Amino acid sequence: MSLFTSVLNAFGADKAAKTQERATNAANNLIRDQYNQTRSDLAPYREAGTTALSRYRDLLGFNGQEAAGTALKGYTQSPFLSQLVNDTTNAVENSRAARGGLFSGGTFNEIGDKAGKLYLGDYNNYLSRVGGMIDSGQNAAAQTGQFGATAAGQRADLTQQAGAFKAQQAVIPSMAWQQFMNDVKSGAGMISGGAFGR
């Protein structure tokens, strides 16, 4: 093998190692970008879950009496509940008016009874809805963690590959020189041993 061939082989191997390194870095960047996109996509669900958990703890009184009072006031003044109470009140009043007892004590008792049951039933449903938001946030956080662990593992593998390619690049010139020297020794041995005929 000639010095030219050794240099050519070294150049080709170096070029191949650089190509592999670029491909590895591109893959590494793609994994990072995809993880960041997934994390961004799941962020609103994680944030909603965190907010819901705080609200749930407030509603159950875990964050103190003041927080519980504020959370309960927010619930009782919600547009959804207000509409339910108005609809129930109107239904009772219309029914009593049709029977001629709109302004009787029974009307107010029935409104109070139905509104109380409505509050209790809807409050339990409300806690379930808030709990569902907590579950969504918990799932989003778990998925983000899983995607992060997967991405970290993939990136670690690719980083090791990139290191191997760089190490290969570093030894290519010395390998080519070693091959050339071996060829020179072999050729010198063949000449001194009379392999070419005297």
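Residues numbered from 1 in each chain as written. Predicted model: local features only at pLDDT ≥ 70, side-chain atom pairs only at ≥ 80, totals over all residues. Heavy atoms only, no water.

Draft legend 1. Looking closely at the overall build of the protein chain. Counting its secondary structure elements, the protein chain contains four helices and zero strands. Scored against the burial criterion, the 198 residues of the protein chain give a buried share of 25%. Long-range pairs, those at least 24 residues apart, make up 75% of the contacts in the protein chain between residues at least 6 apart in sequence. Accessible area of the protein chain: about 13,000 Å², with a carbon and sulfur share of 58%. (Helix = DSSP H or I, 4+ residues; strand = E, 2+ residues; numbered from the N terminus. Buried < 20%, exposed > 50% of the residue type's maximum accessible area, 1.4 Å probe, protein only. Contact = heavy atoms within 4.5 Å. Areas by Shrake-Rupley, 256 points an atom, 1.4 Å probe, with all protein chains shown as cover.)

Draft legend 2. Layout of the environment of arginine 129. Looking at where arginine 129 falls in the secondary structure, it is placed in helix 4 (residues 105–192). A residue is classified by how much of its surface remains accessible, and arginine 129, at 39% relative accessible area, is partly exposed. Considered as a pair, arginine 129 and tyrosine 56 are 73 residues apart in the sequence and their alpha carbons are 9.9 Å apart. Here arginine 129 is in contact with Phe80 and Asp122, once residues within four sequence places are set aside.

Draft legend 3. Quick look at the side chain of asparagine 28. Of note, asparagine 28 is situated in helix 1 (residues 3–59). Beyond its immediate stretch of four places on either side in the chain, asparagine 28 contacts Arg155, Leu158 and Thr159.

Draft legend 4. Spatial organisation of the pattern of salt bridges. All told, the structure shown has two salt bridges when counted by the stated rule. One salt bridge connects arginine 32 with aspartate 33, and the closest N-O pair in it is separated by 3.1 Å. Residue classification places arginine 32 among the partly exposed residues on the basis of a relative accessible area of 31%. Residue arginine 129 is joined to aspartate 122 by a salt bridge in which the shortest nitrogen-to-oxygen separation is 3.8 Å. (Salt bridge = Lys/Arg side-chain N within 4 Å of Asp/Glu carboxyl O.)

Draft legend 5. Quick peek at the nonpolar core. Counting residues in hydrophobic clusters, the biggest one holds 12 residues: Ala52, Leu59, Ala71, Tyr75, Leu81, Val85, Leu118, Tyr123, Tyr126, Leu127, Val130 and Ile134. If you list the elements that add at least two residues to this core, you get helix 1, helix 2 (65–76), helix 3 (79–98) and helix 4. For this core, the leading source of residues is helix 4, giving six residues. Filtering out sequence-adjacent residues up to four positions away, valine 85 remains in contact with Leu118 and Tyr119. (Core = buried A, V, L, I, M, F, W, Y, C linked by side-chain atoms within 4.5 Å.)

Draft legend 6. Seen up close, the side chain of threonine 24. One can find threonine 24 in helix 1. For threonine 24, the contacting residues outside a window of four places in its chain are Leu158, Gln161, Ala162 and Phe165.

Draft legend 7. Geometry of the environment of alanine 115. Locating alanine 115 in the fold gives a position in helix 4. On the basis of relative accessible area, alanine 115 is assigned to the buried category, the value being 12%. When the C-alpha atoms of alanine 115 and asparagine 86 are compared, they prove to be 9.2 Å apart, with 29 residues separating the residues in sequence.

Draft legend 8. The packing of aromatic side chains, seen in detail. Here the structure, examined in full by the defined rule, presents two aromatic pairs. Consider the rings of tyrosine 75 and tyrosine 126, whose centres lie 4.8 Å apart with planes at 40°: the pair is tilted. Placement of tyrosine 75 in helix 2 and of tyrosine 126 in helix 4 is noted, with a sequence separation of 51 residues between them. By way of ring pairs, the aromatic residues Tyr75, Tyr123 and Tyr126 are connected into one cluster. (Phe/Tyr/Trp six-rings, centres within 6.5 Å; stacked < 30°, edge-to-face > 60°.)

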